[in-house]
Amino acid sequence: MNLRILKKLSKRAAPYLPLLGDKREQFPAEWGENYHGLNIWARKHFERTVSVHTDIMREGEMVIAPKCREGSRFPYIKLYPPSHPWPGTIMVGGMSGYYEPEWEEESAWGALHQIVSDRFTDWDAVYREDESAPWLTRRLRTPSDIFAAADEMVRGRVDAEGFLR
């Protein structure tokens, strides 16, 4: 997924969220102000900074040394996945916490994916002896699978355990 696809999926996912019980505030992202909370591995969208050091690195960060900068003051370029969505990406957020409430936000696509995945996960599989982890009761590999499941959830054709009626 890249940031362009995230923006389109978030725009498409936004109308589903109130219908599925997510009452958080929806708003468009601003440049450099919001965090989408997803792993974007399209290298075209990686953020770049110049550096002299290669020893201080964050998780998922790569370092390249282009030949054109061998004699430069900043010989290395650090690449890391973007943490900010494109401007206009639909985000959902709200205050959470009791004693010290904090603002939490995520993209509308991330919120819809989480709601649908939680509904179609058999959490009781953990407690069975034959299973070691929860498993999905439905195929949810592509965005079209997620939106088809969300359509069925909105129409009320899915029960509380995630199975079709």
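Residues numbered from 1 in each chain as written. Predicted model: local features only at pLDDT ≥ 70, side-chain atom pairs only at ≥ 80, totals over all residues. Heavy atoms only, no water.

Peer 1: Sorry if this is basic, but what is going on with the overall build of the protein chain here?
Peer 2: Counting secondary structure elements, the protein chain contains four helices and eight strands. Seen in sequence order, the protein chain has helices and strands lined up from the N terminus as α-α-β-β-β-β-β-β-α-β-β-α. Counting only residues that meet the buried cut, the protein chain has 33% of its 165 residues in that class. Of the contacts formed within the protein chain by residues at least 6 apart in sequence, a portion of 63% connects residues at least 24 apart. Roughly 11,000 Å² of accessible area belongs to the protein chain as shown, and the carbon and sulfur atoms make up 52% of that amount. (Helix = DSSP H or I, 4+ residues; strand = E, 2+ residues; numbered from the N terminus. Buried < 20%, exposed > 50% of the residue type's maximum accessible area, 1.4 Å probe, protein only. Contact = heavy atoms within 4.5 Å. Areas by Shrake-Rupley, 256 points an atom, 1.4 Å probe, with all protein chains shown as cover.)

Peer 1: Even after reading the chapter, I still don't get the pattern of salt bridges, so can you show me in this structure?
Peer 2: Side chains that differ in sign of charge can pair as their charged atoms come close. The full count for this structure, using the stated rule, is four salt bridges. One salt bridge in this structure joins R138 and E152, with 2.5 Å as the shortest N-O distance. Here the residue R138 occupies a position in the loop between β8 (135-136) and α4 (143-155), and E152 occupies one in helix α4, the gap between them amounting to 14 residues. The exposure class of R138 is partly exposed, given its relative accessible area of 23%. Since its relative accessible area comes to 12%, E152 is described here as buried. Among the salt bridges present, the one from D145 reaches R139, with a minimum N-O distance of 3.0 Å. A relative accessible area of 48% means that R139 is categorised as partly exposed. It is possible to trace a salt-bridge network through shared partners that takes in D22, R24 and E106. (Salt bridge = Lys/Arg side-chain N within 4 Å of Asp/Glu carboxyl O.)

Peer 1: Hey, could you run me through the nonpolar core in this one?
Peer 2: Inside soluble globular proteins, nonpolar side chains tend to come together where they are buried. Membership of the largest hydrophobic core comes to 22 residues, with the highest contact counts inside it found for L112, V116 and F147. Excluding residues that lie within four positions of it along the chain, F147 makes contacts with L9, R12, A13, Y16, W109 and L112. (Core = buried A, V, L, I, M, F, W, Y, C linked by side-chain atoms within 4.5 Å.)

Peer 1: Would you mind showing me how to read the side chain of D145 here?
Peer 2: Summarising the element assignment, D145 is placed in helix α4. A distance of 3.3 Å separates a polar side-chain atom of D145 from the backbone nitrogen of R141. If sequence neighbours within four positions are ignored, D145 has contacts with R139 and L140. (Polar contact = N/O pair within 3.5 Å; in protein donor to acceptor, adjacent residues only side chain to side chain.)

Peer 1: What exactly am I supposed to notice about the environment of P18 here?
Peer 2: Following the sequence through the fold, P18 ends up in helix α2 (residues 16-19). Once residues within four sequence positions are removed from consideration, P18 is found in contact with K23 and Q26.

Peer 1: Where do I start with the sheet that holds strand β1 (residues 25-28) in this structure?
Peer 2: Remark on secondary structure: sheet strands pair via backbone hydrogen bonds, oriented parallel or antiparallel. The three strands lie next to each other as β1-β5-β6, forming an open sheet whose pairing is antiparallel. At either end of the open sheet lies a strand with only one pairing partner, and these are β1 and β6 (102-107). With direction set aside, neighbouring strand axes in the sheet form an average angle of 35 degrees. As paired elements, strand β5 (residues 90-96) and β6 share six bridges and run antiparallel to each other. Across the sheet, S96 pairs through a bridge with E102, a residue of β6. Helix-sheet contacts for helix α3 (residues 108-119) involve β5 and β6, and the interaxial angle to β6 is about 85 degrees. (Pairing = 2+ DSSP bridges. Axes fitted to C-alpha atoms, helices over the stretch in contact; angles between N-to-C directions.)

Peer 1: For this particular structure, what's the right way to read the packing of α3 against α4?
Peer 2: How two helices pack is summed up by the angle between their axes together with the distance between the axes. It is the contact of α3 with α4, at a shortest axis distance of 10 Å, that shows an interaxial angle of 65 degrees. The angle between α3 and α4 places the two elements in the roughly perpendicular class. Crossing angle aside, the handedness with which α3 passes α4 is left-handed. Side by side, α3 and α4 meet where W109, L112, H113, I115, V116 and R119 of the first sit next to P143, I146, F147, A149, A150 and M153 of the second. (Parallel < 35°, antiparallel > 145°, perpendicular 65-115°, else oblique. Left-handed = near helix turned anticlockwise from the far one by under 90°.)

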